[in-house]
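Read off the chains here:
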Amino acid sequence: MNIPKSNCPRIVIIGGGFGGVSLAHKLNGKDVQVVLLDKNNYHTFQPLLYQVSTGGLEPDSIAYPIRKVLKNFTNFYFRLAKVDEVDPENKIVKTNIGNLNYDYLVIATGSKTNFFGNAEIEEHAMTMKTIPQSLNLRSLILENFEQALLTDELHERDALMNFVIVGGGPTGVELAGALAEIKKGILPKDYPDLDTRKAQINLVQSGDKILAGMSTKASLKAEEFLEKLGVQIWKNTRVTGYDGKTVTTKTDLTFETATLVWAAGVKGAVVKGMDAKELIASGGRLRVNAYNQIEAYPDIFAIGDIACIEHEDTPRGHPMMAQPAIQQGKNLGENLVRLLDGKPLKPFVYKDKGSMATIGRNKAVADTKNFKFQGVFAWFVWMFVHLFFLIGFRNRVVVFVNWVYNYIRFDREARLIIRPYQRDYSKFKD
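Procedures and definitions
- The residue count restarts for each chain, going from 1 along the sequence in the order it is written.
- Reporting of local features is limited, given that this is a predicted model, to residues whose pLDDT is at least 70; pairs of side-chain atoms are given and counted only at 80 or more, and all residues count toward the totals for whole chains, interfaces and linings.
- Side-chain numbers come from the whole structure's heavy atoms, not from hydrogens or water.
- Paired strands are those between which DSSP finds at least two bridges.
- Helix and strand assignments follow DSSP, with helices taken as H or I runs no shorter than four residues and strands as E runs no shorter than two, numbered in order from the N terminus.
- Axis definition: a line fitted to C-alpha atoms, over the contacting stretch in the case of helices. Angles run 0 to 180 degrees between N-to-C directions.
- Throughout, a residue-residue contact means that at least one pair of heavy atoms, one from each residue, lies within 4.5 Å.
- A 1.4 Å probe rolled over the protein chains alone gives each residue an accessible area, and that area as a share of the maximum for its type sets the label: buried under 20%, exposed over 50%, partly exposed in between.
- Here the expected span of a helix is defined as 1.5 Å times the quantity of residues minus one.
- The rule is short: rings of Phe, Tyr and Trp, with Trp giving its six-membered ring, pair when the centres are within 6.5 Å, and they are stacked under 30 degrees, edge-to-face over 60, tilted in between.
- Look at NZ for Lys and CZ for Arg. If either is within 6 Å of the ring centre and within 35 degrees of the ring normal, a charge sits over the ring.
- Salt bridge, as applied in this entry: a Lys or Arg side-chain nitrogen positioned within 4 Å of an Asp or Glu carboxyl oxygen.
- Only residues whose relative accessible area exceeds 30% and that form no salt bridge are eligible for patches; like-charged ones are grouped when within 9 Å, while nonpolar side chains (Val, Leu, Ile, Met, Phe, Trp, Tyr) are grouped when within 5 Å.
- Only the protein chains shown count as cover for residues, and the accessible areas themselves come from Shrake-Rupley with a 1.4 Å probe.

(A) Structural view of the sheet that holds strand S24 (residues 372–374). As summarised here, the arrangement of the three strands in space is S22-S23-S24, forming an open sheet in which the pairing is antiparallel. Edge strands, defined here as strands with exactly one partner in the open sheet, are strand S22 (355–360) and S24. Pairs of neighbouring strands in the sheet enclose a mean axial angle of 5°, with direction left out of account. Sheet topology note: the strand S23 (residues 363–367)/S24 ladder contains three bridges and is antiparallel. Note that in S24 the partner of Asp367 across the bridge is Lys372. The strands touched by helix H9 (residues 216–228) are S22, S23 and S24; relative to S23, the strand with the most contacts, the crossing angle is about 175°. The sheet contacts of helix H11 (residues 376–389) involve S22, S23 and S24, and relative to S22 the element is tilted by about 110°.

(B) Quick look at helix H1 (residues 18–27). The buried fraction of H1 is high, at eight of 10 residues. The complete set of buried residues in H1 reads Phe18, Gly19, Gly20, Val21, Ser22, Leu23, Ala24 and Leu27. Just past H1, the residue Gly29 takes up positive phi, approximately 85°.

(C) Quick look at helix H7 (residues 170–185). Along its 16 residues, H7 runs 22 Å from first to last C-alpha, staying within 8% of the 22 Å computed at 1.5 Å per residue. Looking at H7, one finds that the buried residues are Gly172, Val173, Glu174, Leu175, Ala176, Gly177, Ala178, Leu179, Ala180 and Ile182.

(D) Local environment of the packing of aromatic side chains. If you walk through the whole model with that rule in mind, you get 13 aromatic pairs. Ring geometry for Phe348 and Tyr350: centres 6.5 Å apart, planes at 25°, overall stacked. Each member of the pair, Phe348 together with Tyr350, is buried. An aromatic cluster is defined as three or more aromatic residues linked by ring pairs; in this entry it consists of Phe145, Phe163 and Tyr191. In this structure, Arg361 is placed above the aromatic ring of Tyr407, and the distance from its NZ or CZ to the ring centre is 3.7 Å.

(E) View of the pattern of salt bridges. Scanning the model with the defined rule gives 14 salt bridges in all. Between Glu334 and Lys26 there is a salt bridge, with the nearest N and O atoms lying 3.3 Å from each other. Of this pair, Glu334 sits in helix H10 (residues 322–340) while Lys26 is found in helix H1, placing the two residues 308 residues apart along the sequence. Note on Glu334: relative accessible area 30%, which makes it partly exposed.

(F) A look at a nonpolar patch on the surface. Residues Phe393, Val397, Phe400, Val401, Val404, Tyr407 and Ile408 make up a contiguous nonpolar surface patch of about 680 Å² in total accessible area. With respect to the helices, strands and loops of the structure, Phe393 is situated in helix H12 (residues 393–409). Of the residues examined, Phe393 reaches a relative accessible area of 66% and is grouped as exposed.

(G) Examining the sheet that holds strand S9 (residues 104–107) more closely. Pairing in this open sheet of five strands is parallel, and the strands run S5-S2-S1-S9-S20 from one edge to the other. A strand with exactly one partner marks an edge of an open sheet, and here the two such strands are strand S5 (76–80) and strand S20 (300–302). The average angle at which neighbouring strand axes cross in this sheet is 20°, direction not considered. Across the face of the sheet, H1 comes into contact with strand S1 (10–14), strand S2 (33–38), S5 and S9 while running at roughly 160° to S1. The strands touched by H10 within the sheet are S1, S9 and S20, with S9 carrying the most contacts at an inclination of about 165°.

(H) Just unusual backbone geometry, in detail. You will see that Asn236, though not glycine, has its phi angle at about 50°, which is positive. By the secondary structure assignment, Asn236 is in the loop between strand S13 (232–234) and strand S14 (239–242). Positive phi outside glycine occurs at Asn362, with the angle close to 65°. As for its position among the elements, Asn362 is in the loop between S22 and S23. The class for Asn362 is partly exposed, based on a relative accessible area of 24%.

The values reported here are purely geometric and, on their own, carry no functional implication.
Structure (structure tokens):
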């Protein structure tokens, strides 16, 4: 990897997400050598991936080069690498570009889609965890309408314009709202020779409420917003299969659709070598102590979605969102310095800043510690918070300008099929 030898302790960070970047900032200027490894050369602002999928934003407006993040950092190195395995006994990280020794290792690999062992759904469903996946979904959505123009078969046309989103969390709710606004304001103009009123957006939730992690008031208001936009919500409905054409459920309800988006859950993206049963906690995450330390290996830490701090207040760990990752990265940065100085470590204490979700134009819900609010004000707060946490001044400006333009023009300019997503449409023919 051509990492120079150093008298300073070497800290290797796997993952350039919210946790990894937050930790890197905290270690800048300290007497350590830091090596950041990631399979991509950019940081992704995942909360806005759904806007890439629906043509509201281009991918480069929510991505930021990792090298630019680290450009003024001292004794920092970035390598574009896929981590294959961790050898904790010999303190080696094995990658596709070579091996690297470490003094301390921080695993910040985040999460991946959880299909709960359903191989059929995994094969045929669309996901939205990365920029390439979001671009695939954007292409498929647009291709479906192009294909609907070409068929005379009513059954096939309906399937092409029928969208099923599984999972009523923030991702599913925000995607459903965005698709509903496209159906209402954009499709009639783009496809005047297609009856886009028949397009359906179905949100399927296995539990009895959407946005289960938020207050009942927020859940009910989000449901009201979605229904006004024309989204059909199916609660207490568990999806059991999808063969690329038909969605089956436990309640015998079925959907004929060319597009099923799976947003029903995530699990930790565990690295090989750290996947022993005794190391894994709830949600397929690495079990860590209050200092984000894996107790079996005191020189290995985990932060963010991959880490699970089991406490009486958080028996299943902290929420798999950006804020816990950012806060854990900052706390661990301080603790690594304290560790090297021989000082006691500080336990991680999560400061819950609330949660929010946007449903569409002038529609959002927000829960904070002291206040719960919905509607236009919540929507403005949602926009401010997301702009604030975007990395890079250019990205903030580009996203803000896009939002203003889309708001004024009722438009989404990025609805481009840049790279076609290959789908066999013949299966939808009777």
